[in-house]
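Coordinates in review
Okay, here's what each chain looks like letter by letter:
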Amino acid sequence: MSHAAQARRLLTDASGAVPADWSVVLCFYASLHAISHGLWGGNLAPHGTTHMDRLQALHASPQFKGLCGDYKSLKKASEKVRYEPWQITVDPALIATCIQKAGAILKACNVP
């Protein structure tokens with residue numbers, strides 16, 4: 001499956017995720033795959049690419065640098081849901097915000 005297809009599938013699944021807090025996680029991973037698509041096209045990310053490598057490539061890209069803030073906020077929210085769920089309140093407003101941010105990243109990265 002291509003990065004673009006995976007990004008689209010994850011964002012689509014985010015609106016109906018059960019449990020609902022995993023919508024936040026799906027939005028982050030949709031944005032991760034969209035950014036990989038934007039940076040490296042249909043190709044896989046270079047072998048061994050970490051989250052930090054991807055963020056550095058994003059910062060270095062004039063075309064996608066503006067996505068850093070939304071990407072980092074989705075990553076942080078996703079980590080809180082997975083590792084510190086007592087530190088985040090997942091409500092419909094947060095889910096809607098995450099879906100909006102991930103959707104904007106998909107659009108900016110030309111994910112159909």
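Everything discussed here concerns the structure shown above.
So, here's what we can say about the structure. Treat the numbers as computed from the prediction; the structure is a model and nothing was measured. (Residues numbered from 1 in each chain as written. Predicted model: local features only at pLDDT ≥ 70, side-chain atom pairs only at ≥ 80, totals over all residues. Heavy atoms only, no water.)

Let's talk about the packing of aromatic side chains
- For the structure on display, the rule yields 2 aromatic pairs.
- A centroid spacing of 4.8 Å and a plane angle of 70 degrees characterise the contact between Phe28 and Tyr29, whose relative ring orientation is edge-to-face.
- Three or more aromatic residues link up through ring pairs in this structure, and these residues are Phe28, Tyr29 and Tyr71. (Phe/Tyr/Trp six-rings, centres within 6.5 Å; stacked < 30°, edge-to-face > 60°.)

Describing the packing of helix H4 (residues 68-83) against helix H5 (residues 92-108)
- Axis separation between H4 and H5 bottoms out at 10 Å; the angle between their running directions is 135 degrees. Classed by the angle they form, the pair H4 and H5 counts as oblique. Our pair here, H4 against H5, has a crossing hand that is left-handed. Taking contact as the criterion, the partners of Asp70, Tyr71, Ser73 and Leu74 in H4 are, on H5, Cys98, Lys101, Ala102 and Ile105.
- When the residues that make up the contact of H4 with H5 are grouped by side-chain class, the tally is 5 nonpolar, 1 polar and 2 charged. (Axes fitted to C-alpha atoms, helices over the stretch in contact; angles between N-to-C directions. Helix = DSSP H or I, 4+ residues; strand = E, 2+ residues; numbered from the N terminus. Parallel < 35°, antiparallel > 145°, perpendicular 65-115°, else oblique. Left-handed = near helix turned anticlockwise from the far one by under 90°. Contact = heavy atoms within 4.5 Å. Nonpolar A, V, L, I, M, F, W, Y, C, P; charged D, E, K, R; others polar.)

Regarding the state of the cysteines
- What the rule picks out here adds up to 0 disulfides.
- Distance from the sulfur of Cys68, which forms no disulfide, to the nearest cysteine sulfur (Cys109) is 11 Å.
- Free cysteine: Cys98, not disulfide-bonded; nearest cysteine sulfur from Cys27 at 5.4 Å.
- The exposure class of Cys98 is buried, given its relative accessible area of 4%. (Disulfide = S-S within 2.5 Å. Buried < 20%, exposed > 50% of the residue type's maximum accessible area, 1.4 Å probe, protein only.)

Comments concerning the pattern of salt bridges
- A full pass over the atoms with the stated rule returns 3 salt bridges.
- Taking the shortest distance from any N to any O, the salt bridge between Asp13 and Arg9 comes out at 3.3 Å. Of this pair, Asp13 and Arg9 both sit in helix H1 (residues 3-14), 4 residues apart, roughly one helical turn.
- Glu79 is the salt-bridge partner of Lys75, the closest N and O atoms lying 2.5 Å from each other. You can see Lys75 and its partner Glu79 sitting in helix H4, 4 residues apart, about one turn around the helix.
- Since its relative accessible area comes to 21%, Lys75 is described here as partly exposed.
- Exposure remark for Glu79: the relative accessible area of 30% places this residue in the partly exposed category. (Salt bridge = Lys/Arg side-chain N within 4 Å of Asp/Glu carboxyl O.)

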